[in-house]
Amino acid sequence: MRQCSKVRKTAETEVCVNLNLDGKGIHKINTGIKFFNHMLEQLAYHASFDLEINVVSKDNDNHHIVEDVALTLGSAMKEALGDKKGIQRYGEKILPMDEALVLSVVDISGRVFSKVTTEIKDEKTSDFETVILPHFFSSLAQNAQITIHIRMLDGYDTHHIIEAVFKSFAHALKKAVCVDEQNLGKIPSTKGML
């Protein structure tokens, strides 16, 4: 089973993550940020990952919570993928949510890059500061060692845009980590490593 448990303790937060890449979308999320919980639940469900996240915030700073969750989840993802033999490697999804339309593309490449292109006018939706959105994916990419491109194609409702971002990313990630039965034991690269 491709699974991992990670704990990250800093002066700002304590984050515990349990991840199973071959799960059924079962999730238990407690970050202290209601909207962020909802987005992580969407990520787990639509990627079919079993995911538990628990956060203790020591400074009540949402920026630190979001960043540390992303870093811990990224580390768990990297370890759960192991040597990456047999994975699809690439994944993409264009996903609509009402008027919002978002494209996400993932490459489990060992190369760190993240670009999130959205037009969000609101500074907050519910209890989530929208400026943190690109930073979440940048921090996730950093520790998972993956490439992420996310582009908003249409939309105006902040909640719909961000939810479409997480759902489309989840579907792209699900495809990228999926085992390719025809290439079991093979690294999906001519370099022989990812």
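Refer to the structure presented above.
Per chain, residue numbering runs from 1 following the sequence as it is written. A pLDDT threshold of at least 70 governs which residues receive local features in this predicted model, and a stricter bar of 80 or more applies before side-chain atom pairs are shown or counted, although totals over entire chains, interfaces and linings include all residues. Side-chain metrics in this entry use all non-hydrogen atoms of the structure; hydrogen atoms and water are not considered.

**Student:** I tried to follow the environment of Phe49 on my own but got confused; where do I start?
**Tutor:** Numbering of helices and strands starts at the N terminus; helices are DSSP runs of H or I of at least 4 residues and strands are runs of E of at least 2. Along the polypeptide, Phe49 turns up in the loop between helix H1 (34–47) and strand E4 (50–57). Burial status follows relative accessibility: with a 1.4 Å probe on protein chains alone, a residue under 20% of its type maximum counts as buried, one over 50% as exposed, and anything between as partly exposed. On the basis of relative accessibility, which here comes to 3%, the residue Phe49 falls in the buried class. Considered as a pair, Phe49 and Gln3 are 46 residues apart in the sequence and their alpha carbons are 9.5 Å apart. Any pair of residues with heavy atoms lying within 4.5 Å of one another is described as a contacting pair. Setting aside residues no more than four positions away along its own chain, Phe49 makes contact with Leu19, Asn20, Leu21, Gly25, Ile26, Ala44, Leu173 and Val177.

**Student:** What exactly am I supposed to notice about the sheet that holds strand E5 (residues 90–97) here?
**Tutor:** Two strands in a sheet stick together by hydrogen bonds in their backbones, pointing the same way (parallel) or opposite ways (antiparallel). A pair of strands is considered paired only if DSSP assigns at least 2 bridges between the two. Across the sheet, 4 strands lie side by side as E5-E6-E10-E7; this open sheet has mixed pairing. Strand pairing shows two members of the sheet lacking a second neighbour, E5 and strand E7 (113–117), which therefore form its edges. Strand-to-strand, the axes of this sheet are offset by a mean angle of 10°, without reference to chain direction. Taken together, the 8 bridges between E5 and strand E6 (residues 100–107) define a ladder with antiparallel strand orientation. Among the inter-strand pairings, Pro96 is bridged to a residue of E6, identified as Leu101. Across the sheet, helix H3 (residues 133–144) lies against E7 and strand E10 (147–154), angled at about 165° from E7, the strand it touches most. Under this scheme, a helix contributes an axis fitted over its contacting stretch, all axes are lines through C-alpha atoms, and angles between N-to-C directions fall in the 0 to 180 degree range. Contacts between helix H4 (residues 158–177) and the sheet are confined to E5, E6 and E10, with E5 contributing the most and set at about 150° to the helix.

**Student:** Where do I start with the nonpolar core in this structure?
**Tutor:** Note that soluble globular proteins tend to have their nonpolar side chains buried in a common cluster. Judged by nonpolar contacts, the single largest core of 58 residues is most densely connected at Leu19, Phe128, Phe136, Phe137 and Phe169. Ranked by the residues each element gives to this core, the list is headed by H4, at 11 residues. Those residues in contact with Phe136 that sit more than four places away from it in its chain are Phe36, Leu40, Val66, Ala70 and Phe166. Throughout, nonpolar core names a set of buried Ala, Val, Leu, Ile, Met, Phe, Trp, Tyr and Cys residues whose side chains join them through atoms within 4.5 Å.

Geometry only, nothing functional implied.
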